[in-house]
Amino acid sequence: MKVSTYTTIINTIENDSATFEWLNYFLWQPQVKLAWERHPSLHALAHPLKMTEALEIIYKILILLSLGAFIANHLVMILLAILPLSGLLTMNQRAKKKIVVKIAGTLLKEEFDELFFEEKTLYYLTELLSKKYNTHSLLDCIYFTENVFRAALIGLFLLFISPFFPNNILDGVFLFGLLFLLCSWTLSSHHIYHFSKILQAI
């Protein structure tokens, strides 16, 4: 009985944010990066991937700064500026996803044969890759981010009921949204996976 297929695995990478971000993290590991940057059909994707990474960070920072400026000044024009920034962020993330899926899909085909995809789950495949290249596994990264996110939500709730939270309801809503986005974007970034060993050591 087939456990999975190559197509199913690619669809999971495209639609599951945790798997996508782990693979994005995996692709930047020194040994892995060296492998795909030397690949004839993939080396040209290195610069576009770096550009989408940089643009994503810039757009997210601008959105967070816009929310902060709106809370401070209550100018509708500042809030409206978030709409085109969000559109640019969405388009950039789609472009980034196409690149990551292309690189990851090619590497997976080279690492495992077609029958192997049918016999093993995606989690098992990522475990094999993490051991081979000495990186954090997908399950370790999910465990890390979920625990930190839960702690962050508790912190946001405590801030919400504290005297330091704005009395103005609108300011409170936007401040909560700003902090929530900051936590969510930070923890959904593959860069945070480098710190997962901290949680494992606690």
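Residues numbered from 1 in each chain as written. Predicted model: local features only at pLDDT ≥ 70, side-chain atom pairs only at ≥ 80, totals over all residues. Heavy atoms only, no water.

Once that is clear, we can look at unusual backbone geometry. In this model, His74 sits at a positive phi of 55°, which is unusual for a non-glycine residue. Here His74 is to be found in the loop between helix H4 (46-73) and helix H5 (76-80). His74 sits in the partly exposed class, given a relative accessible area of 40%. Within the chain, Asn134 stands out as a residue other than glycine whose phi angle is a positive 55°. Mapped onto the fold, Asn134 is located in the loop between helix H8 (122-132) and helix H9 (138-160). (Helix = DSSP H or I, 4+ residues; strand = E, 2+ residues; numbered from the N terminus. Buried < 20%, exposed > 50% of the residue type's maximum accessible area, 1.4 Å probe, protein only.)

Together, Leu153, Ile154, Phe157, Leu158, Phe160, Ile161, Phe176 and Phe180 give the surface a local cluster of nonpolar side chains, amounting to about 750 Å² of exposed area. Residue Phe180 is classed as partly exposed on the basis of its relative accessible area, which comes to 31%. (Patch = residues over 30% accessible without salt bridge, like charges linked within 9 Å, V, L, I, M, F, W, Y side chains within 5 Å. Areas by Shrake-Rupley, 256 points an atom, 1.4 Å probe, with all protein chains shown as cover. Salt bridge = Lys/Arg side-chain N within 4 Å of Asp/Glu carboxyl O.)

Turning to the side chain of Thr52, a few remarks are in order. Its place among the elements puts Thr52 in helix H4. A relative accessible area of 7% means that Thr52 is categorised as buried. What Thr52 contacts, discounting residues up to four positions off in sequence, is Asn92, Ala95, Lys96 and Ile99. (Contact = heavy atoms within 4.5 Å.)

Take the packing of aromatic side chains next. With the rule as written, the count across this model stands at five aromatic pairs. Measuring from centroid to centroid gives 5.2 Å for Trp22 and Phe26, while their planes differ by 15°, and the two rings are stacked. One end of the pair, Trp22, and the other, Phe26, are both in helix H2 (residues 17-27), four residues apart, so they sit about a helical turn from each other. A single burial state applies to Trp22 and to Phe26, both of which are buried. The interplanar angle of 70° and the centroid separation of 5.8 Å between the aromatic rings of Phe149 and Phe180 together place this pair among those described as edge-to-face. A residue pair is termed long-range when its members are at least 10 positions apart, and Phe149 in helix H9 and Phe180 in helix H10 (residues 169-188) qualify at 31 residues. A network of ring pairs unites the aromatic residues Trp22, Phe26 and Tyr133 as a single cluster. Above the face of the Phe20 ring, Lys97 is positioned so that its terminal group lies 5.5 Å from the ring centre. For Lys109, the ring lying beneath its charged end belongs to Tyr6, and the centroid distance is 4.6 Å. (Phe/Tyr/Trp six-rings, centres within 6.5 Å; stacked < 30°, edge-to-face > 60°. Lys NZ or Arg CZ within 6 Å of the ring centre and 35° of its normal.)

Attention now goes to helix H1 (residues 6-15). Because the α-helix completes a turn every 3.6 residues, residues three or four places apart line up on one side. Turning to H1, its buried residues are Tyr6, Ile9, Ile10 and Ile13. Relative to the axis of H1, the buried residues are bounded by an arc of 100° and lie together on one face. Where H1 is buried, its residues contact H2, helix H6 (82-111), helix H7 (114-119) and H8. (Arc of directions from axis to C-beta.)

Attention now moves to H8. For H8, the set of buried residues is Leu122, Leu125, Thr126, Leu129 and Ser130. Considered in projection along H8, the buried side chains sweep an arc of 135° and stay on one side of the axis. Along H8, the residues that are exposed and aim more than 90 degrees away from the buried face are Lys131 and Lys132. The inward-facing, buried residues of H8 contact H1, H2, H6, H7 and H9. Following H8 by one or two positions, Asn134 adopts a phi angle in the positive range, close to 55°.

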